[in-house]
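Geometric and topological summary
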Amino acid sequence: MNIDNAKSQMRKGMLEYCILLLLEKQPAYTSDIIQRLREAELLVVEGTLYPLLTRLKNDGLLSYQWRESTQGPPRKYYSLTAEGTTFLHDLDRAWEEIATTVNYLKSQS
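An account of the accompanying structure is given in this report. (Residues numbered from 1 in each chain as written. Predicted model: local features only at pLDDT ≥ 70, side-chain atom pairs only at ≥ 80, totals over all residues. Heavy atoms only, no water.)

1. Structural notes on the layout of surface pockets
Take a probe with the size of a water molecule and roll it over the atoms, and the empty space left behind shows itself. Here the largest pocket defines a volume of roughly 160 Å³. Around the largest pocket, the lining residues are Ser 8, Arg 11, Lys 12, Leu 15, Leu 42, Leu 43, Val 44, Val 45 and Thr 48. The element contributing the most residues to the lining of the largest pocket is helix H1 (residues 3-25), with four residues. Looking at the lining of the largest pocket, its residues break down into five nonpolar, two polar and two charged. (1 Å grid on protein atoms, 1.4 Å probe; cavity = no way out; pocket = protein on both sides within 12 Å on 5 of 7 lines; lining within 4 Å. Points joined across faces, edges and corners; volume = space filled by probe spheres on them. Helix = DSSP H or I, 4+ residues; strand = E, 2+ residues; numbered from the N terminus. Nonpolar A, V, L, I, M, F, W, Y, C, P; charged D, E, K, R; others polar.)

This is the structure:
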């Protein structure tokens, strides 16, 4: 098995969770989201991010607000809805369960 492919699949699975974690702290513009993910060493391209943000919005987890920009046209800032916050807290619990399982299995090696 190709390790790069496995890592890519793991990142894809975590991307939604990571985006929600970022937006829990403050609303963000798409470029800001990409930059903050890069700072966390999770590389994402716009072509991946835009469809995901649209799906999360359509699922009721995100909303957006247009804000004027000093550099060009207005920008769409995404934020969590109340449903998104609840979903994120559910994901937090799921992440803890997964981490506990993986750590347990690693300690048994």
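2. Digging into unusual backbone geometry
Phi angles above zero are rare outside glycine, and Glu 41 is one such case at about 65°. Its location among the elements puts Glu 41 in the loop between helix H2 (30-39) and helix H3 (46-58).

3. Here we look at the side chain of Thr 30
By the element assignment, Thr 30 lies in helix H2. When sequence neighbours within four positions are dropped, the list of residues in contact with Thr 30 reads Leu 49, Tyr 50, Leu 53, Lys 76 and Tyr 78. (Contact = heavy atoms within 4.5 Å.)

4. Section: H1
Along its 23 residues, H1 runs 32 Å from first to last C-alpha, staying within 8% of the 33 Å computed at 1.5 Å per residue. Its axis deflected by about 40° at Met 14, H1 carries its strongest bend there. One side-chain oxygen of the residue at the start of H1 lies 2.8 Å from the amide nitrogen of Asp 4, identifying that residue as Asn 2. (Expected span 1.5 Å × (residues − 1). Bend = angle between axes of the 7 residues up to and from the residue. Polar contact = N/O pair within 3.5 Å; in protein donor to acceptor, adjacent residues only side chain to side chain.)

5. Here we look at the packing of H1 against helix H4 (residues 82-107)
Contact pair H1 / H4: the axes reach a minimum separation of 10 Å and the direction vectors enclose 125°. Between H1 and H4, the angle falls in the class oblique. Like other packed secondary-structure pairs, H1 and H4 cross with a definite hand, here left-handed. Where H1 abuts H4, its residues Met 14, Glu 16, Tyr 17, Leu 20, Leu 21 and Glu 24 lie against Phe 87, Leu 88, His 89, Leu 91, Asp 92 and Trp 95. (Axes fitted to C-alpha atoms, helices over the stretch in contact; angles between N-to-C directions. Parallel < 35°, antiparallel > 145°, perpendicular 65-115°, else oblique. Left-handed = near helix turned anticlockwise from the far one by under 90°.)

6. Here we look at the packing of aromatic side chains
According to the stated counting rule, one finds four aromatic pairs in the structure shown. Note on Tyr 17 and Trp 95: the rings are 5.9 Å apart at their centroids and 35° apart in plane angle, and the pair reads as tilted. With a gap of 78 residues between them, Tyr 17 in helix H1 and Trp 95 in helix H4 connect regions that are remote in the sequence. Residue classification places Tyr 17 among the buried positions, given a relative accessible area of 12%. An aromatic cluster of at least three residues, connected via ring pairs, comprises Tyr 64, Trp 66 and Tyr 78. If you follow Arg 67 out to its NZ or CZ, it ends over the ring of Tyr 77, 4.5 Å from the centre. Above the ring of Tyr 64, the side-chain terminus of Lys 76 is found at 4.3 Å from the ring centroid. (Phe/Tyr/Trp six-rings, centres within 6.5 Å; stacked < 30°, edge-to-face > 60°. Buried < 20%, exposed > 50% of the residue type's maximum accessible area, 1.4 Å probe, protein only. Lys NZ or Arg CZ within 6 Å of the ring centre and 35° of its normal.)

7. Re the pattern of salt bridges
Evaluation of the coordinates by the stated rule reveals three salt bridges. A salt bridge links Arg 55 to Glu 16, with the shortest nitrogen-to-oxygen separation between them at 2.5 Å. With Arg 55 in helix H3 and Glu 16 in helix H1, this pair connects stretches of sequence that are 39 residues apart. According to the relative accessible area criterion, Glu 16 is buried, its value standing at 17%. Looking at Arg 55, the relative accessible area reads 36%, which means it is partly exposed. Here the residues in one salt-bridge network are Glu 16, Arg 55 and Asp 59, joined through shared partners. (Salt bridge = Lys/Arg side-chain N within 4 Å of Asp/Glu carboxyl O.)

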